[in-house]
Amino acid sequence: MTYPQEEVDGKERGEKPMMKKNNKRLETKIEGIASSIRVVPHFPKPGIMFQDITTLLLNPKAFKNTIDLFVERYSSMDISVVAGVEARGFIFGPSIALAIGAKFIPLRKPRKLPGEVISERYVLEYGTDCLEMHVGAVQPGERALVVDDLIATGGTLCAAMNLLERAGAEVVECACVIELPELKGRERLNGKPLFVLVESH
Amino acid sequence: MLHTSLHCRSFPSPSHLRSLVLSSRLFPSVAVRTTPTLSLRRSRANRSIAMAATEDSRIKRIASSIRVIPDWPKPGVMFQDITTLLLDPQAFKDSIDLFVERYKDKGITVIAGVEARGFIFGPPIALAIGAKFVPMRKPNKLPGEVISEEYSLEYGKDVMEMHVGAVQPGDRVLVIDDLIATGGTLCAAIRLLERVGAEVVESACVIELPELKGRERLGDRPLFVLIKAKGV
C-alpha cells in the first residue's frame, strides 16, 4: 500500500522542525544561563576574570534551567550519590540529588565535618589545600556524580574524585556549570568524563 | 553504617491525637496541624488527622536521621550533624517539602541562605517556590561590591557579607540555616537584609537548640523550625 504523498512529506517535514525546535530551546536555555553569569574583573587578584554564579541564582528561571539540564542528563544514569564541593557545589548538588533520588555528600574544607573523615591533599597555584569526606558516607560500588560550580585547573575536582574512589565508589562523571577550557582542567580528570553547560574563554 | 540517633526529638509518638494537641502547645512553632475535635466521624477531621500524622511521621524520620556527635568541635558540645539527613533521600526531600508547604503562598521573593549549610537547604526551597537565592557569606568570598555585618561569637567576632544589589527594598525574604544555636548568625543575616530595605518574613532552620535561647535573641522576629534538640 502506498501512502498519499502529502502524508509522507508531512511526516518527514514534521520530524525535522521538531528536532530543530528542541535544539533551539536548549540553545535558548544555555544562552539564558550564560548571560546571567556575571564576570568580575581582578577578583580575587589582578588578572583574574572571576565567573560569578550568584547572579544566576538571582534569576529563578535560569537557575531552574541549570538544574533541569543536569537532572535530564543524570536521572537515568543510575547515580546513587551526588558529591558537592564546598561551598558553591552545595548550591547546585542538593537540588540535583533530590530530583534524581540520590544521596548528597558534602566534600568540605578541613575541620568542618564532625566525626571520622578521610582527607585528600591537592596542589593549588601557590601551596596546597585539603578536601575531606565523611567515612561511611559512600559505600563501595556506588555510582557517584561530582558537582561544582566551575572547573578551572581541575585540582579540586581531582581531589574530590580521589576521595570517592578511595571509598570504593565509581565516579561516573564530573558536572560543572562553567568550564575555563584554557586552564585544561578536563585533562586533569584521569580520563573521567566532564559535563559542563557553559564554556568561558 | 552511620550511627543515627533519636537524641533530638520534639514529637511524642503519634499514637494518640491528644499527644499531637499537646505537642503543638509545647512547641507552637513546630509544624503540626491539629483538629479541634476528637470526633473521627467527619471526613474533614479524618483528613486533618491523616495530614497531621503524615507530617508527624516525616518529622520523626527527619529527626532520627540526624546524627549527634558528642564533644565536637569541643568538649561538652553535642553537635547536630545534618549530613546523615542528606544521606536519606526521603528524609531530605521531606525536610524541603515541609518548608515549601509553609512558604509557597507567602509571597516570598528571596531565600537568603547562610554559608555553608544554609546553601544546602536554601536553593531547593527557592527553586520550588520561584524565589531568588542569595548566599550570605564569610568575608572575602563574594566577588564585587558587598555590605558587611559584624557579629559576636562565644569568643571573638565574625563577619557576614551580602552582595550589594542582590536584594531590593520591599523584597520579602526568608532566611535559612541548618540550625539556630545562640542566634548570632541569624541576627547578622537579618540585619544585613533589613539594612537594604528588605522585609524579613521569617527565619527557618531544620534544628533549634532551645537552651541556647536563639529564639529570644531574634526577639519579635518569627522563627520556624522542624526539630528542637538538646545541644549541650
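Residues numbered from 1 in each chain as written. Chains lettered and ligands numbered in written order. Predicted model: local features only at pLDDT ≥ 70, side-chain atom pairs only at ≥ 80, totals over all residues. Heavy atoms only, no water.

- In the annotation of an unreviewed UniProt entry, chain B is listed under the name adenine phosphoribosyltransferase and assigned to Rhynchospora pubera.
- You can read under Subunit (unreviewed entry) in the UniProt record for chain B the words "Homodimer."
- Listed in UniProt under the heading Sequence similarities (unreviewed entry), the comment for chain B reads: "Belongs to the purine/pyrimidine phosphoribosyltransferase family." (UniProt positions renumbered as here; feature names shortened; annotations may be inferred.)

- The name an unreviewed UniProt entry gives chain A is adenine phosphoribosyltransferase, with Rhynchospora pubera as the organism.
- Check the Pathway (unreviewed entry) section of the UniProt entry for chain A; it says "Purine metabolism; AMP biosynthesis via salvage pathway; AMP from adenine: step 1/1."

## Considerations on unusual backbone geometry
Here's step 1: A cis geometry characterises the amide bond from Glu 86 of chain A onward to Ala 87 of chain A, with omega recorded as -5°.
Here's step 2: Examined against the element boundaries, Ala 87 of chain A turns out to sit in the loop between β3 (81–85) and α4 (89–100).
Here's step 3: The peptide bond linking Trp 72 of chain B to Pro 73 of chain B adopts the cis configuration, its omega dihedral lying at 5°.
Here's step 4: By secondary structure assignment, the location of Pro 73 of chain B is in the loop between β1 (67–70) and β2 (78–81).
Here's step 5: In this structure, His 42 of chain A is a non-glycine residue whose phi angle is positive, near 60°.
Here's step 6: When you line up the elements, His 42 of chain A lands in the loop between β1 (38–41) and β2 (49–52).
Here's step 7: His 42 of chain A sits in the exposed class, given a relative accessible area of 53%.
Here's step 8: If you check the backbone angles, Asp 71 of chain B has positive phi at about 60° while not being a glycine. (Helix = DSSP H or I, 4+ residues; strand = E, 2+ residues; numbered from the N terminus. Buried < 20%, exposed > 50% of the residue type's maximum accessible area, 1.4 Å probe, protein only.)

## Notes on the packing of helix α4 (residues 89–103) of chain B against helix α5 (residues 118–129) of chain B
The description of two helices packed together rests on the angle between their axes and the distance between the axes.
Residue and element names in this part refer to chain B.
Here's step 1: In contact at an axis separation of 10 Å, α4 and α5 are set at 50° when each is read in the N-to-C sense. When the axes of α4 and α5 are compared, the pair comes out oblique. Handedness of the α4/α5 crossing: right-handed. Along its contact with α4, which presents Phe 92, Ser 95, Ile 96, Phe 99, Val 100 and Tyr 103, the element α5 presents Ile 120, Phe 121, Pro 124, Ile 125, Ala 128 and Ile 129.
Here's step 2: Grouping the constituent residues of the contact of α4 with α5 by class yields 11 nonpolar, one polar and no charged. (Axes fitted to C-alpha atoms, helices over the stretch in contact; angles between N-to-C directions. Parallel < 35°, antiparallel > 145°, perpendicular 65-115°, else oblique. Left-handed = near helix turned anticlockwise from the far one by under 90°. Contact = heavy atoms within 4.5 Å. Nonpolar A, V, L, I, M, F, W, Y, C, P; charged D, E, K, R; others polar.)

## Brief notes about the confidence of the model for chain A
Any segment with low pLDDT has predicted coordinates that should not be analysed in fine detail.
Here's step 1: On average, chain A scores 92 in pLDDT, and the residues at 70 or more come to 93%.
Here's step 2: In this model, residues 1–13 of chain A is a region of pLDDT below 50 whose contacts with residues beyond four sequence positions or in other chains number one contact. (pLDDT = per-residue confidence, 0-100.)

## Examining the interface of chain B and chain A
Here's step 1: Between chain B and chain A, the contact holds 35 residues from the first and 36 residues from the second.
Here's step 2: The largest per-residue losses of area from chain B upon contact with chain A belong to Leu 87, Leu 127 and Pro 143 of chain B, which jointly make up 20% of the total buried on that side.
Here's step 3: At the boundary of chain B and chain A, one finds zero salt bridges.
Here's step 4: Inspection of the region where chain B meets chain A yields seven residue pairs in polar contact (both at pLDDT 80 or more).
Here's step 5: For the side of chain B that touches chain A, the secondary-structure elements that each account for two or more residues are β1, β2, α3 (83–86), α4, α5 and β4 (132–136) of chain B. (Buried area = accessible area lost by both parts, 1.4 Å probe. Salt bridge = Lys/Arg side-chain N within 4 Å of Asp/Glu carboxyl O. Polar contact = N/O pair within 3.5 Å; in protein donor to acceptor, adjacent residues only side chain to side chain.)

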